[in-house]
Amino acid sequence: MAANEVYQYSLISALMDGVASNGIPISDVLRHGDHGLGTFKNMVGEMIVLGGEVYQMKADGSVVHVDPETTITPFATVTRFDPTTTVKATLKDGKKDLQALLDELHPEATNHFLAIRLDGTFERVEFRTAGGQCRPREGMVDVCSRQTTHTFEGEMGTVIGFRCPGYVMGINVAGDHLHFISEDRERGGHILGFETEGEIEVSVAVMSNFRLELPRGDREFNEAKLVKDEEGIKAVEG
């Protein structure tokens, strides 16, 4: 795929329905991008794709490097990231300030996708990780009810994510969906909140091409209801 085109495998609504026993090799996903996020088989941990390298963020907050040839994903979103805007900014109020900054930088992109990368020192970063399903087809709300949260201060690292337009809620996560990984690649997870005291680097790309690949030959997916649960998605991804 060309730079700044979104590739997505499966649906967030499928994860909500517990479709996570199967998937595709992550190496297949990496053919479409080097920047992204997702999860792993049975929703065991959070995924971050940074510079083409794949990391699994585990329930205890630790991070391991993943072999994409031997690991599968039931859900992932990636792009070949080529930022169209890069600025320095202080995000004291974290996600709220980031939202305002993105609106200011790209007011024309309300109905487009944005790829986001933040690099610098985070005064505080709070993230969560999920330990995975206890049984096949266990839904994401139940999985995330057992999530663990971690808070670190003065942490250097990188935030990777996407802003998706509201009309894709249920297909993906509408709004800003962000994962954090520390500079030493030892800690990370799904961001719940953060703040910065000093400036960090904010890189953004506006994207207008979106490719969706659905699971094939997957009984769980074929039997899933796939009814949009907006409140449930906001609860687990907010």
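Coordinates for the structure precede this section.
Keep in mind that what you see is a predicted model, and the values were worked out from it rather than measured.

### Some thoughts on the pairing of strand S4 (residues 46-50)
Here is step 1 of the chain: The buried fraction of S4 is high, at 5 of 5 residues.
Here is step 2 of the chain: Because side chains alternate across S4, one face comprises the buried residues Glu46, Ile48 and Leu50, and the other comprises Met47 and Val49, equally buried.
Here is step 3 of the chain: When strand S3 (residues 35-39) meets S4, the two strands line up antiparallel, connected through 5 bridges. Directly across from Gly38, in S4, lies its bridge partner Met47.
Here is step 4 of the chain: The turn linking S3 back onto S4 is made up of 6 residues, and Asn42 within it adopts a positive phi angle of 65 degrees.
Here is step 5 of the chain: Here S4 pairs with strand S5 (residues 53-57) via 5 bridges, running antiparallel.

### Some points on the state of the cysteines
Here is step 1 of the chain: Summed over the entire model, instances satisfying the criterion amount to 0 disulfides.
Here is step 2 of the chain: With no disulfide of its own, Cys134 has Cys144 as its nearest cysteine by sulfur position, at a separation of 12 Å.
Here is step 3 of the chain: What makes Cys144 buried here is its relative accessible area of 8%.

### Section: the environment of Asp142
Here is step 1 of the chain: When you line up the elements, Asp142 lands in helix H4 (residues 140-144).
Here is step 2 of the chain: A relative accessible area of 36% means that Asp142 is categorised as partly exposed.
Here is step 3 of the chain: When the C-alpha atoms of Asp142 and Phe122 are compared, they prove to be 30 Å apart, with 20 residues separating the residues in sequence.

### Here we look at unusual backbone geometry
Here is step 1 of the chain: Its identity is not glycine, yet Asn4 carries a phi of approximately 60 degrees, on the positive side.
Here is step 2 of the chain: Within the secondary structure layout, Asn4 lies in the segment before strand S1 (5-9).
Here is step 3 of the chain: Asn4 gets classed as buried once you look at its relative accessible area, which sits at 13%.
Here is step 4 of the chain: Unlike most non-glycine residues, Arg185 shows phi in positive territory, near 60 degrees.
Here is step 5 of the chain: Judged by relative accessible area, Arg185 falls into the partly exposed class, the value being 27%.

### Section: a nonpolar patch on the surface
Here is step 1 of the chain: On the surface, Phe210, Leu212 and Leu214 cluster together into a nonpolar patch covering about 220 Å² of accessible area.
Here is step 2 of the chain: Residue placement: Leu214 occurs in the loop between strand S15 (209-213) and helix H5 (219-223).
Here is step 3 of the chain: Classification of Leu214 as partly exposed rests on a relative accessible area of 37%.

### What about empty space enclosed by the protein?
Here is step 1 of the chain: Here the structure, examined in full by the defined rule, presents 3 cavities of 30 Å³ or more.
Here is step 2 of the chain: Reported here for the largest cavity is a volume of approximately 120 Å³.
Here is step 3 of the chain: Along the walls of the largest cavity sit 17 residues, with Gly38, Thr39, Glu46, Met140 and Glu237 positioned nearest its centre.
Here is step 4 of the chain: Within the residue set of the lining of the largest cavity, elements represented by two or more residues are helix H1 (12-16), S3, H4 and strand S12 (175-182).
Here is step 5 of the chain: In the lining of the largest cavity, the residues fall into 9 nonpolar, 5 polar and 3 charged.

Reading the values: rules and limits
Residues numbered from 1 in each chain as written. Predicted model: local features only at pLDDT ≥ 70, side-chain atom pairs only at ≥ 80, totals over all residues. Heavy atoms only, no water. Buried < 20%, exposed > 50% of the residue type's maximum accessible area, 1.4 Å probe, protein only. Helix = DSSP H or I, 4+ residues; strand = E, 2+ residues; numbered from the N terminus. Pairing = 2+ DSSP bridges. Disulfide = S-S within 2.5 Å. Patch = residues over 30% accessible without salt bridge, like charges linked within 9 Å, V, L, I, M, F, W, Y side chains within 5 Å. Areas by Shrake-Rupley, 256 points an atom, 1.4 Å probe, with all protein chains shown as cover. Salt bridge = Lys/Arg side-chain N within 4 Å of Asp/Glu carboxyl O. 1 Å grid on protein atoms, 1.4 Å probe; cavity = no way out; pocket = protein on both sides within 12 Å on 5 of 7 lines; lining within 4 Å. Points joined across faces, edges and corners; volume = space filled by probe spheres on them. Nonpolar A, V, L, I, M, F, W, Y, C, P; charged D, E, K, R; others polar.

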